[in-house]
Structure formats: C-alpha cells, structure tokens
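Per-entry structural report
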Amino acid sequence: MAAASTIFFALTLLCHTTAATTTAGRMKAPDFTVALNQQSGAIMVTATAPAKHHFNLKAPMYVQTSVATKVTKPSLSTRDKVKFKLPAKKLTGVVTVSLYLCDERKTFCENHVVTAR
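In this numbering scheme, every chain counts its residues from 1 along its sequence in written order. Reporting of local features is limited, given that this is a predicted model, to residues whose pLDDT is at least 70; pairs of side-chain atoms are given and counted only at 80 or more, and all residues count toward the totals for whole chains, interfaces and linings. Values reported for side chains reflect all heavy atoms of the structure, with hydrogen atoms and water molecules removed beforehand.

Looking at the environment of Ala35
Helix and strand assignments come from DSSP, with helices taken as H or I runs of at least 4 residues and strands as E runs of at least 2, each series counted from the N terminus. If you trace the backbone, Ala35 turns up in strand β1 (residues 33-39). In sequence terms Ala35 and Thr46 are 11 residues apart; their C-alpha atoms lie 5.2 Å from each other.

As structure tokens, this is what we get:
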C-alpha cells in the first residue's frame, strides 16, 4: 500500500511540474512577421512588430541562415521594423530571426525567434 501512495504522489508531482513548466514557457507577445524580398542581388529580410508592441533596439538582434556559421546584424532597425541584408547565395533553407519584443506599456520584453523559408 505504501508503494502505491508513493507512486501516486510522484505522478501528481510530475503533473504539477510539467504544467508549471508549460505555462512559464508561454510568450506574452504575438510573434513578429518576417518577409523575404530579393533586391539587387541581395535578400532583404524584414521583421515587423505586431500591433501594440515594439522591438527593443538595445537588445541583441540577428538573422542566421541554415547554412551560415555566423549571424548577420541588422542593416536598419527601428521600433517597428528591423531589416537585414543577406547575399542571395547565403539564402538556402531556413532563415532564423531573433529579436526582442516589448509591449508599448513597457511591462515586459521577451526574446522571440521566428523562422522563414
């Protein structure tokens, strides 16, 4: 009987821990959008902040392709848009953009990572 209650307690603890981890992992802000456009031999990657949110211009910002070993810093960054310029030859596979989004009331900032093809 003692073994059964120990197993029940362990399963209950596991369920509560999993639920807390899942809830803590949720983002408050919706993801930003990413658009890829070819422009004079380069690919412009443009990230646009969702309504009522802005990019944290002091936080790390980068884009990386699935074949690149280095990250690329933005060529232009404003509160609403961040642009990256990539050589067309580097654009194969997935593009990963990492930016920090904050709400307009400045109650939170969080790192969002969005991929595009």
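Looking at the state of the cysteines
Any two cysteine sulfur atoms within 2.5 Å of one another count as a disulfide. This model, assessed by the stated rule, comprises one disulfide. Through a disulfide, Cys102 is tied to Cys109; the S-S separation comes to 1.8 Å. For the disulfide bridge between Cys102 and Cys109, the dihedral angle about the S-S bond is near 105°, and by the sign convention the bridge is right-handed.

Remarks on the packing of aromatic side chains
Pairing of aromatic rings covers Phe, Tyr and the six-membered ring of Trp, with a centre-to-centre limit of 6.5 Å; geometry is then stacked below 30 degrees between planes, edge-to-face above 60, and tilted otherwise. Summed over all chains, the structure comprises one aromatic pair. For the ring pair Phe32 and Phe55, a centre distance of 5.7 Å and an interplane angle of 70° mean the geometry is edge-to-face. With Phe32 in the loop between α1 (2-24) and β1 and Phe55 in strand β3 (residues 53-55), this pair connects stretches of sequence that are 23 residues apart. For every residue, the accessible area obtained with a 1.4 Å probe (protein chains only) is divided by the maximum for its type, and the residue is called buried under 20%, exposed over 50%, and partly exposed between those limits. The exposure class of Phe55 is buried, given its relative accessible area of 1%.

Section: the sheet that holds strand β2 (residues 42-48)
The strand order β1-β2-β6-β5 describes an open sheet built from four strands, whose pairing is antiparallel. Edge strands, defined here as strands with exactly one partner in the open sheet, are β1 and β5 (76-77). The pairing criterion for strands is at least two bridges between them, as found by DSSP.

Things to note about the environment of Asp80
Along the chain, the position of Asp80 falls in the loop between β5 and β6 (81-87). Look at Asp80 and you get partly exposed, because its relative accessible area is 46%. C-alpha separation for the pair Asp80 and Asn56, spaced 24 residues apart in sequence, amounts to 9.6 Å. Dropping the residues within four chain positions of it, Asp80 is found in contact with Ala47, Thr48, Ala49, His53 and Phe55. Contact between two residues is taken to exist if any of their heavy atoms lie within 4.5 Å; hydrogens are not considered.

Side note on the pairing of β6
Of the two faces of β6, only the one carrying Val82, Phe84 and Leu86 is buried; Lys81, Lys83, Lys85 and Pro87 on the other face are not. Here β5 pairs with β6 via two bridges, running antiparallel. Directly across from Ser77, in β6, lies its bridge partner Val82. The antiparallel pairing of β5 with β6 creates a hairpin that spans three residues between the two strands.

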